[in-house]
Amino acid sequence: MLFNTALFWLFFAAFFVAFHFATRTRVARLWLVVGGSLLFYAAWDVRCVPLLLGTALLDFWIALRLSRSQDERRRRVLLALSIVANLGVLGFFKYARFFADSAYGLLGALGVTVPEPTFSLLLPAGISFYTFQSMSYTIDVYRRELPARERPEEFLAAVSFFPHLVAGPIIRASVLLPQFEKMEPLRWEQVQRGYLLIAVGLLKKTVADLLAGPADALFGATNAPDVLAAWTGALAFTGQIYADFSGYTDIAIGVALLLGFVLPPNFDLPYLATSPIDFWRRWHLSLSTWLRDYLYIPLGGNQNHRYRNLLITMLLGGLWHGANWTFVLWGLYHGLLLVAAHVLVGRYPALKETASTAGLWAKRLGTFYLVVVGWVLFRAESLPAALRVLEGMHVPAAGSAFAWPEVRTLLFVVAGLVLCHAVSALAEKTRLRQRSFVLWPVVAACMAVAMVLGMPGHNFIYFQF
Amino acid sequence: MTSPSPSSTRIAARTLGVGIGLLLAALGLARGFITYLERSTPPETWAQHSEGRDRLVGFLEALPEIAQRKDAVLVFGSSLIQHGFSPETFEQHLGLPVTAYNLGFPGVDPEVQALLARRIANTFEKSGHRARLTLVEFTPFQATVARARWQRFRELASVKKAVLMDPLTLARVARRSPEEASHLGALRLLGNTSPLMVKSLVDERISDKPVPSWWPVRPPAFDETKYRRAWVASIHAGRAAAERRNVPEWDPVRRGEVRWLFDETRSEYDSWARSRNTWLVLKPELQWRVASSDMLELHFDEEQVRFFIEAVRALASVSRETRVVLMPRNRAWNQPTPEGRARLAAVLTRITRETDVRVLDLSDSPEFRPGEFGDFIDVTHLNESRGRPKLSRRLAEVMAEHWGIGVARDVAP
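Because the structure is a prediction, the values reported are computed rather than measured. (Residues numbered from 1 in each chain as written. Chains lettered and ligands numbered in written order. Predicted model: local features only at pLDDT ≥ 70, side-chain atom pairs only at ≥ 80, totals over all residues.)

Student: Looking at this model, I keep getting lost on the overall build of chain B. Mind explaining?
Tutor: When helices and strands are tallied, chain B shows 17 helices and five strands. Taken over the C-alpha trace, chain B has a radius of gyration of 23 Å; the compact-globule value for 413 residues is 22 Å, and the two agree within 12%. Its C-alpha atoms put chain B at 85 × 65 × 45 Å along the principal axes. Considering chain B as a whole, with its 413 residues, one finds that 44% of them fall into the buried category. Of all intrachain contacts in chain B linking residues separated by at least 6 positions in sequence, the fraction that spans at least 24 positions is 84%. (Helix = DSSP H or I, 4+ residues; strand = E, 2+ residues; numbered from the N terminus. Rg over C-alpha atoms; globule rule 2.2 N^0.38 Å. Buried ≥ 20, exposed ≤ 12 C-beta atoms within 10 Å, placed from the backbone. Contact = placed C-beta atoms within 7 Å.)

Student: What is the right way to read the pairing of strand E5 (residues 358–361) of chain B from this model?
Tutor: In summary, the side chains of a regular strand alternate between the two faces of the sheet. Residue and element names in this part refer to chain B. Pairing of strand E4 (residues 322–326) with E5, which is carried by four bridges, proceeds in the parallel orientation. Along E5, the bridge assignment pairs Arg323 with Arg358. Where the polypeptide runs from E4 across helix H16 (residues 338–355) and back to E5, its parallel neighbour, the crossover connection is right-handed. (Pairing = 2+ DSSP bridges. Right-handed = clockwise from strand over helix to strand, strands pointing away.)

Student: Just to check I follow, could you spell out the environment of Glu384 of chain B for this structure?
Tutor: Residue and element names in this part refer to chain B. If you trace the backbone, Glu384 turns up in the loop between E5 and helix H17 (387–403). In this structure the C-alpha to C-alpha distance between Glu384 and Glu268, which are 116 residues apart in sequence, comes to 12 Å. With sequence-adjacent residues up to four places away left out, Glu384 is seen in contact with Trp260, Leu261 and Tyr269.

Student: Before we go on, may I ask you to explain the domain arrangement of chain A in this structure?
Tutor: Quite often, the size of an interface is put as the accessible area lost when its parts meet. All names here are of chain A. Taken domain by domain, chain A holds domain 1 (6–183) and domain 2 (189–274 + 354–464). The distance between the C-alpha centroids of domain 1 and domain 2 comes to 29 Å. In this assembly, 14 residues from domain 1 lie in contact with 15 residues from domain 2. Counting residues per element, the ones that place at least two in the side of domain 1 that touches domain 2 are helix H1 (6–22), helix H7 (162–165) and helix H8 (173–182). Of the residues assigned to the side of domain 1 that touches domain 2, the class counts are eleven nonpolar, three polar and no charged. (Domains from an automatic or database assignment. Nonpolar A, V, L, I, M, F, W, Y, C, P; charged D, E, K, R; others polar.)

Student: What should I look at first to understand the interface of chain B and chain A in this one?
Tutor: Across the boundary between the two partners, chain B contributes 35 residues, which contact 35 residues of chain A. Secondary-structure elements contributing two or more residues to the side of chain B that touches chain A are helix H1 (6–39), helix H10 (178–189) and helix H11 (195–208) of chain B. With 15 residues, H1 of chain B is the single largest residue contributor to the side of chain B that touches chain A.

Student: Can you help me understand the sheet that holds strand E3 (residues 133–137) of chain B in this one?
Tutor: Residues and elements named next belong to chain B. Read from one edge of the open sheet, five strands run E2-E1-E3-E4-E5, paired in parallel fashion. Of all the strands in the sheet, just strand E2 (99–104) and E5 have a single pairing partner and so form its edges. Across the sheet, the axes of successive neighbouring strands diverge by a mean angle of 20°, strand direction being ignored. Alignment of strand E1 (residues 72–77) against E2, held across six bridges, turns out to be parallel. Residue Ala72 lies in a different strand from E2, and its bridge partner there is Thr99. (Axes fitted to C-alpha atoms, helices over the stretch in contact; angles between N-to-C directions.)

Student: When you look at the packing of helix H6 (residues 110–127) of chain B against helix H8 (residues 151–164) of chain B in this model, what are you seeing that I'm missing?
Tutor: The angle between the axes and the distance between the axes are what describe a pair of packed helices. Residue and element names in this part refer to chain B. Contact geometry for H6 and H8: axes closest at 9 Å, N-to-C directions at 20°. Compared by their axis directions, H6 and H8 come out roughly parallel. In this structure, H6 meets H8 at a crossing whose hand is left-handed. Of the residues in H8, those touching H6 at Glu111, Val112, Leu115, Leu116 and Arg119 are Ala157, Lys160, Lys161 and Leu164. (Parallel < 35°, antiparallel > 145°, perpendicular 65-115°, else oblique. Left-handed = near helix turned anticlockwise from the far one by under 90°.)

Student: Just to check I follow, could you spell out H10 of chain B for this structure?
Tutor: Since one α-helical turn is 3.6 residues long, residues separated by three or four positions face the same way. With twelve residues, H10 of chain B should cover 16 Å at 1.5 Å per step; its first-to-last C-alpha distance of 16 Å lies within 8% of that length. Within H10 of chain B, burial applies to Ala181, Ser182, His183, Leu184, Ala186 and Leu187 of chain B. Each element contacted by the buried residues of H10 of chain B is listed here: H1 of chain A together with H8 and helix H9 (167–176) of chain B. In the segment just after H10 of chain B, Gly191 of chain B is the residue with positive phi, at about 75°. (Expected span 1.5 Å × (residues − 1).)

Student: Would you mind going over the pairing of E3 of chain B with me for this structure?
Tutor: Residues and elements named next belong to chain B. Most of E3 is tucked away: five of the five residues are buried. Every second residue of E3 is oriented toward a common face, with Leu133, Leu135 and Glu137 on one face and Thr134 and Val136 on the other, all of them buried. Of the pairings in the sheet, the one linking E1 to E3 comprises four bridges and is parallel in character. Opposite Val75, over in E3, you have Leu135 as the bridge partner.

Student: Looking at this structure, how should I read the nonpolar core?
Tutor: Soluble, globular proteins show a tendency: their nonpolar side chains are buried together. If you look at the biggest cluster of nonpolar residues, it comprises 227 residues, and the most contacted ones within it are Ala199, Ala234, Cys446 and Met447 of chain A together with Val75, Val312 and Leu315 of chain B. Of all the elements, helix H10 (residues 227–258) of chain A adds the most residues to this core, at 19 residues. Counting only domains with at least three residues in this core, you end up with domain 1 (6–183) and domain 2 (189–274 + 354–464) of chain A. Apart from residues no more than four positions distant in its own chain, Ala234 of chain A is found in contact with Leu218, Val372, Trp375, Val376, Val389 and Met393 of chain A. (Core = buried A, V, L, I, M, F, W, Y, C linked by C-beta atoms within 7 Å.)

Okay, structure coming up:
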């Protein structure tokens with residue numbers, strides 16, 4: 001049940017009516033959220049529901065034990081149990097085949113003959129998101145930053161809440177639980193923002209699907225691309241992944257708003273970042289802050305072995321995205337960029353300042369270039385494929401002709417990139433939603449574009465993660 | 001909070017109202033844009049992008065009248081029939097007074113064919129008549145697993161399903177796949193138009209725009225695609241001059257035949273057909289057919305085969321005689337592997353067994369020749385100048401022989 005299908009909106013309309021008109025008590029609403037979310041999740045694969053329920057109930061029970069125990073050793077064991085269970089589930093379903101294949105390749109290279117792995121496992125949708133969300137609850141309870149819930153419905157509702165269940169943003173229990181506790185009445189400003197975000201999200205998803213064509217053409221080809229094709233494809237994927245993921249997030253936030261819940265933003269015009277450090281303050285914020293709070297700081301943060309901690313965090317952040325060495329490489333690449341940026345800023349503090357508009361745009365372009373190179377590693381099927389694209393981008397082939405149709409495609413790709421940032425800025429950085437006479441026509445127009453050009457049922461990229 | 005406050009409920013009600021209003025406004029804008037696009041596009045181009053949707057709509061309008069005829073010969077199938085069968089030639093060649101119809105529709109899969117066949121059968125049942133003969137063409141590569149998975153084909157088929165869907169069928173689809181049913185409903189709301197059609201049309205319009213004068217790199221002097229398009233434009237102009245009427249996609253005057261070949265267009269048609277019969281055109285087309293439809297290996301989709309059997313049964317129930325037809329194959333390009341042939345043979349045996357309808361297999365008929373001056377316009381379709389009349393006459397001969405009557409003196413196409 002994708003956000004860009006009619007079925008989802010039928011489901012949501014029914015859920016909205018039941019939530020606002022048919023339930024009278026907070027507990028009834030909580031159970032409605034749990035039931036609706038499980039139904040939403042079961043639409044993908046009903047076999048995955050027990051896993052979601054199982055991990056969530058285990059964390060609920062562990063958190064309860066944690067809150068009732070004063071014995072630090074026992075508390076540590078309980079926390080370890082939660083982390084092992086969550087990461088175990090994630091590792092088994094998402095990475096077992098990857099590790100088996102990698103071990104098989106490594107042993108083969110060392111001359112050791114072992115049977116080739118042939119098993120395949122079902123990858124439950126959103127497993128990377130909900131395990132992190134669930135785990136953050138037990139960690140917060142262990143740290144005594146959050147009281148454990150006595151009844152399961154509140155926690156189950158927070159973990160399984162359907163807008164963010166399968167592709168984020170990664171919402172920590174500490175964000176949603178207080179909202180489920182209070183159940184604030186719906187406010188009209190929330191509704192206006194919600195509709196605007198839904199419309200902008202649908203428009204972005206439409207742009208993402210249009211950009212998928214040139215991106216797939218580049219990354220699906222086996223021959224060496226010329227410079228124009230390589231840049232067109234790489235920029236198309238750069239636009240596609242932003243439009244796709246931020247579009248999904250916008251819809252998720254919008255849908256939650258219409259139910260009266262506020263989810264934190266996940267993006268902040270990331271391709272306007274002025275440095276790799278700035279980029280990670282604008283891209284997939286829910287993941288980067290999660291990694292910061294639950295991995296980077298416990299590793300020692302800025303205090304001990306800062307650069308090592310950064311590299312480990314980014315490496316694991318890369319691996320979180322998928323079971324492939326290209327993701328690990330992408331994480332390592334961004335880790336190195338962050339280390340280099342911190343070293344440079346440490347040595348030349350003046351780099352932090354931006355003297356002029358030209359300087360600002362030079363920084364933005366430089367960062368954007370580095371990000372695009374990173375996306376090539378991320379999108380390519382293999383390292384040789386990534387190198388082929390990178391070579392195409394940087395080494396012009398003899399006799400490359402800048403024929404108009406290819407140039408026009410590149411211009412459309414750039415326009416798509418700009419449009420996605422422009423609509424995000426319009427939705428979140430302007431007063432548009434306070435001006436009804438502009439707001440509703442804009443919302444209707446965005447929805448109309450999505451209806452006319454949107455590819456129904458085209459998957460969201462982040463579902464695979 | 002124990003119960004929602006009245007103001008919260010009021011806001012929720014307002015939210016719902018605004019949502020419905022937005023949906024209606026967006027739908028209005030979307031349909032307005034589609035209408036504008038349709039009106040500002042030449043009918044032939046629109047037909048090409050809508051892939052037979054309007055042809056199907058036109059046929060459904062004519063169906064009640066067709067069902068009143070006792071002498072109807074229904075030749076039912078895919079675009080292979082659409083391009084490969086001439087009712088007029090068939091009637092002229094057969095020594096029996098019949099009224100033949102070309103019921104070939106492009107971009108359909110057996111599931112759509114089953115829906116359409118049921119609609120035809122219901123209409124004939126209501127009229128109390130039966131068709132004199134029904135020939136049901138089976139296109140093997142349209143019933144493969146690969147074809148069922150190819151998004152573009154699925155979407156084209158969905159548009160036709162949306163056209164043919166009645167509430168009962170929609171409910172049946174919803175039981176099987178709520179996602180598909182809701183998608184079909186959405187297509188219906190968009191006036192049976194898919195975003196895929198709009199996108200391909202907009203793409204073509206953009207790519208048709210000339211290179212701006214300020215761009216320093218000029219296009220090559222000879223552009224193969226434009227060259228072929230010029231022939232097509234001449235053929236369209238020639239047809240307009242010859243017909244002197246608006247020819248609908250399913251033309252009741254020609255009983256469904258799509259005719260491009262007239263004295264005014266013959267030389268252009270032949271040039272165009274020859275320009276398409278080159279290795280450079282046919283090789284990629286074959287590769288595409290193999291990738292999208294598994295044309296040579298033919299791994300059949302069980303469900304699609306079942307739908308085809310349903311279609312045959314439905315049509316046979318309202319026809320005095322029925323045959324399943326396997327169209328002539330372009331042997332230069334379409335050469336199924338031994339495994340593919342074996343799979344096809346097994347499916348044909350199954351169709352015969354489960355429907356009690358005999359198969360007329362013309363796939364290896366030597367009289368249909370490939371090549372530049374042969375009978376095909378591409379890897380799969382017969383051409384209008386030679387292949388179409390040849391097949392129409394051949395079908396007439398087969399049936400005449402079966403009925404023990406002679407064929408009429410041939411009339412040159």
